[in-house]
Amino acid sequence: MSPGDRRLLPVHAPRGVGMLRGSQSFPDAARTALADTQLRRNLGHATATIRAKRAAVVGEVADWEELREAGRSIKADTMARLDDLLIQLEERVVAAGGVVHWARDADEANSIVTRLVRAAGADEVVKVKSMATQEIGLNEALADAGIAAYETDLAELIIQLSGDRPSHILVPAIHKNRAEIRALFARTLPGVDPDLTDDPRELAAAARSHLRRRFLSAKVAVSGANFGVAETGTLAVVESEGNGRMCLTLPRTLITVMGIEKVVPTFRDLEVFLQLLPRSSTGERMNPYTSLWTGVHAGDGPEAFHLVLLDNGRTAVLSDEVGRETLHCIRCSACLNVCPVYERTGGHAYGSVYPGPIGAILSPQLTGVEDNASLPYASTLCGACYDVCPVKIDIPSILVHLRAEHVEAQRRERRVPTPEAILMAAAAWTLADPGRWQNAQTAIRAGRALGRRRDKDAGRIRALPGPLAAWTAARDAPRPPAETFRQWWARTRGGAS
Amino acid sequence: MNRGSSVALFVTCLADTLFPDVGRATVAVLERLGCQVVFPPSQTCCGQAHVNTGYQRDALPLVRNFVATFERYDAVVAPSGSCVGSVRHQHAIVAERAGDNALAERARAVASRTFELSEYLVDRLGVTDVGATYPHTVTYHPTCHSLRMLGVGDKPLTLLRNVRGLTLLALPAAEECCGFGGTFAMKNVDTSTAMLADKIGDVLATGAEVCAASDSSCLMHIGGGLSRLRTGVRTVHLAEILAATDGAA
């Protein structure tokens, strides 16, 4: 497919809705986050703890590498025939008494859910923790329609009560500590004990009594899905608290918004992912609650079940041979927890609801790379994410690929090249020819003048000019030597090679 | 054991220009072990900085030059994990993206014969004691691309453990990135610096005189920080330690 054809596919996530785009570039947002002492402490502590837990439970699985490979190949097979599998899933869900809706993008999904909630005669919904509904900004869309959405996952509740944004896929309130949460609950939960302490048990109990009333009164629940089984029409939600199960079983109407990449071919495939996910995610051998449901059953659980299949840019990701592996992601967040960049900046710096390494490749592909152009560069390419990914997504290679996509997009769209592009072209021209390169080395040697020969600063350069000043803002630079390697070689070996 | 082998040195553009001692040390170690070292003068740069910044089209002539320079040799050795990583994992991709499948084939062939120094010494030459003497306390930063892209494992540490007089001090959180990341160090200077600060903290916690690694680029970053903070800790490339026979370097 030529780049021209690719632009004809009208499938990127639309602007103006949802939470896939930040208001600042990553370096600017990161600068703010890096200065937040409390955030740095909270994140450092939380990521170190969860990293150690994951390493321990992964280490005890003898066939972990085979499991990863199985996960990767099931996902690759799924993506290769996604269209057929989605139609099969629809047929099975409908056969089991559910209704399936197809949403091209966030706007369509939001209006489908709004219409369904109204049709159920409700003005409030309880929500299971879900990335897809965060991505499309469903709560905001429902609020605009006069429908209150109540998050029931403890961490999502904390985020909602504080009017904050999630900063982690699994632990969205990872940037808050328990003292901050105590203060929040004391301020926002109606009828809360004024002597509430920051003991995690007490905090959970306060949230529980608050949520219980919601579960019992809500007519409609909205969830996401970890998996949708094409073979049987079964949906799956994996969680820790049981609040999700309350939502999935108590209200009369259940609406599930699922990204189209969450389909798996057979029920048996769950065997692989239900091993990979909890160990990678919470560092547990098994998650406390795994809810599976297939359509509706009289007298048991919801009377009406709606499945909204969401594209919102995923077809665009699928159309890119290198980038499509991104759709294999099972949202475990192991890559966030090991990422040295995420550990220091936290999730908000990424702008999107998908932070960390996976967010740095997923968000730009869903929105089109130019709408999130700084994200593919928010990585040192250290590769720690690739090592822990339970479905072996080669995140570093996709980051490099997206950087190239960005540079090529700039080349197409700008009449005047960026200063960086001019610099890179000049460097490449120089380095493509050994003669030109030797001349450049002579010029670099002139930089010796910037360093002092004697005294305490011998051998270092404290300040470099131009764009190189970013280097010496934080580090000394080495003073160029009097003789390059190749000059030494030519002098001592007579230029023979 | 494969002594008397002919080896082409890919010194890397950075070592060539700013750290020629690293190139000289690499030559010294290989020659001490009986290798015939040649330096093909048409070499320049692997193009990694271009590829990793998104300028794959600009990197194409660099890949072409690398392949043309080195394809006639049986073995190519470089004192850099990340440059070898680029040769092994990126050159063919750059060629394919440009639609030059013939170049991609040639690039794969050269890549299969291109080795990072510790890989070449341990795997190819079968040597773990290179006969070096270095009476200093040293901590070793394994560098991400050596560790995760090439999978060199503990080969550098094995080589260091066999250096006479050397005291190896374990670096806490050794496998964590130092924050260099090529142009990341400039584009995301604040995050890069935050990562560097923690790496420096770990280096200082060991009490070592020397922080060693197998990549001049990471060492330039770590060393630049250690120097700016006047810590008195030096950065030294693995090759320089392995070349030392009288405790110098």
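Calculation notes
- Residues numbered from 1 in each chain as written.
- Chains lettered and ligands numbered in written order.
- Predicted model: local features only at pLDDT ≥ 70, side-chain atom pairs only at ≥ 80, totals over all residues.
- Helix = DSSP H or I, 4+ residues; strand = E, 2+ residues; numbered from the N terminus.
- Contact = placed C-beta atoms within 7 Å.
- Pairing = 2+ DSSP bridges.
- Axes fitted to C-alpha atoms, helices over the stretch in contact; angles between N-to-C directions.
- Parallel < 35°, antiparallel > 145°, perpendicular 65-115°, else oblique.
- Left-handed = near helix turned anticlockwise from the far one by under 90°.
- Nonpolar A, V, L, I, M, F, W, Y, C, P; charged D, E, K, R; others polar.
- Buried ≥ 20, exposed ≤ 12 C-beta atoms within 10 Å, placed from the backbone.
- Arc of directions from axis to C-beta.
- Domains from an automatic or database assignment.
- Right-handed = clockwise from strand over helix to strand, strands pointing away.
- Expected span 1.5 Å × (residues − 1).

Where do I start with the overall build of chain A in this structure?
Looking only at helices and strands, chain A has 23 helices and 12 strands in total. With the C-alpha coordinates of chain A rotated into their principal frame, the extents come out at 90 × 60 × 50 Å. Residue pairs at least 24 apart in sequence account for 75% of intrachain contacts in chain A once pairs closer than 6 positions are excluded.

Looking at this structure, I do not really get the sheet that holds strand β7 (residues 210-213) of chain B. What am I missing?
Sheet strands line up and pair through hydrogen bonds in the backbone, either parallel or antiparallel. All names here are of chain B. One open sheet holds the four strands; their spatial order is β6-β5-β7-β8, and the pairing between them is parallel. On the outer flanks of this sheet lie β6 (167-169) and β8 (234-237), each paired with one strand and no other. Put simply, the sheet's adjacent strands are angled 35° from each other on average, direction ignored. By the bridge criterion, four bridges tie β7 to β8 in an arrangement that is parallel. Bridged to Ala213 within β8 is His237. Lying on the sheet, helix α13 (residues 216-228) is in contact with β7 and β8; it crosses β8 at an angle near 170°.

So what exactly am I meant to see when it comes to the packing of helix α4 (residues 64-80) of chain A against helix α13 (residues 269-281) of chain A here?
Between two packed helices, what matters for the description is the angle formed by their axes and the separation of those axes. All names here are of chain A. Where α4 meets α13, the axes come as close as 10 Å, and the angle between the chain directions of the two elements is 125°. By the angle between their axes, α4 is oblique relative to α13. For the pair α4 and α13, the sense of crossing is left-handed. On α13, the residues touching Leu67, Ala70, Gly71 and Ile74 of α4 are Asp269, Val272, Phe273, Gln275 and Leu276. Here the contact of α4 with α13 is composed, by residue class, of six nonpolar, two polar and one charged.

Please clarify how the interface of chain A and chain B should be interpreted in this entry.
It is common to report an interface's size as the accessible area lost on association of the parts. Across the boundary between the two partners, chain A contributes 47 residues, which contact 54 residues of chain B. Of all the secondary-structure elements, those providing two or more residues to the side of chain A that touches chain B are α2 (26-34), α16 (340-345), α19 (395-413), α20 (419-431), α21 (434-445), α22 (469-472), β12 (477-478) and α23 (485-493) of chain A. Ranked by residue count, the leading element in the side of chain A that touches chain B is α19(A), at five residues. Among the residues making up the side of chain A that touches chain B, the classes are represented as 31 nonpolar, seven polar and nine charged.

How should α23(A) be read in this particular structure?
Think of an α-helix as turning once every 3.6 residues; residues three or four places apart then point the same way. Those residues of α23(A) that fall on the buried side of the exposure criterion are Phe485(A), Arg486(A) and Trp489(A). On an axial view of α23(A), the arc spanned by its buried residues comes to 95°, and they lie on one face.

What am I meant to see in the domain arrangement of chain A here?
When cut into domains, chain A gives domain 1 (36-315) and domain 2 (419-493). Using C-alpha coordinates to define each centre, domain 1 of chain A is positioned 53 Å away from domain 2 of chain A.

Which parts of the structure should I look at to understand the pairing of β7(B)?
Residues in a regular strand point their side chains to alternate faces of the sheet. Residues and elements named next belong to chain B. Both faces of β7 are covered, namely the face carrying Val210 and Ala212 and the face carrying Cys211 and Ala213. Where strand β5 (residues 137-140) lies against β7, three bridges are found, and the strand directions are parallel. Paired with Val138 across the two strands is Val210, which belongs to β7. A crossover connection joins β7 to the parallel β8 through α13; in handedness this β-α-β unit is right-handed.

Can you help me understand the packing of helix α17 (residues 356-367) of chain A against α19(A) in this one?
Residue and element names in this part refer to chain A. For the pair α17 and α19, the least separation of the axes is 10 Å and the interaxial angle reads 40°. Relative to α19, α17 is oriented oblique. Note on packing geometry: the crossing formed by α17 with α19 is left-handed. Here α17 contributes Pro357, Ile358, Ala360, Ile361 and Pro364 to the contact with α19, which in turn contributes Ile395, Ile398, Leu399 and Leu402. In terms of residue class, the contact of α17 with α19 is made up of nine nonpolar, no polar and no charged.

I'm lost on α19(A) in this one. Help?
For α19(A), built from 19 residues, the straight-helix expectation of 27 Å at 1.5 Å per residue is met to within 8% by its first-to-last C-alpha distance of 26 Å. Regarding α19(A), the residues found buried are Ile395(A), Pro396(A), Ile398(A), Leu399(A), Val400(A), His401(A), Leu402(A), Arg403(A), Ala404(A), Glu405(A), His406(A) and Val407(A).

Before we go on, may I ask you to explain the domain arrangement of chain B in this structure?
Residue and element names in this part refer to chain B. The domain boundaries assigned to chain B delineate domain 1 (6-124) and domain 2 (137-243). Placing the centre of domain 1 and that of domain 2 at their C-alpha centroids yields a distance of 22 Å. Across the boundary between the two partners, domain 1 contributes 27 residues, which contact 22 residues of domain 2. Ranked by the residues each element gives to the side of domain 1 that touches domain 2, the list is headed by helix α2 (residues 20-32), at six residues. Split into classes, the residues belonging to the side of domain 1 that touches domain 2 amount to 13 nonpolar, 11 polar and three charged.

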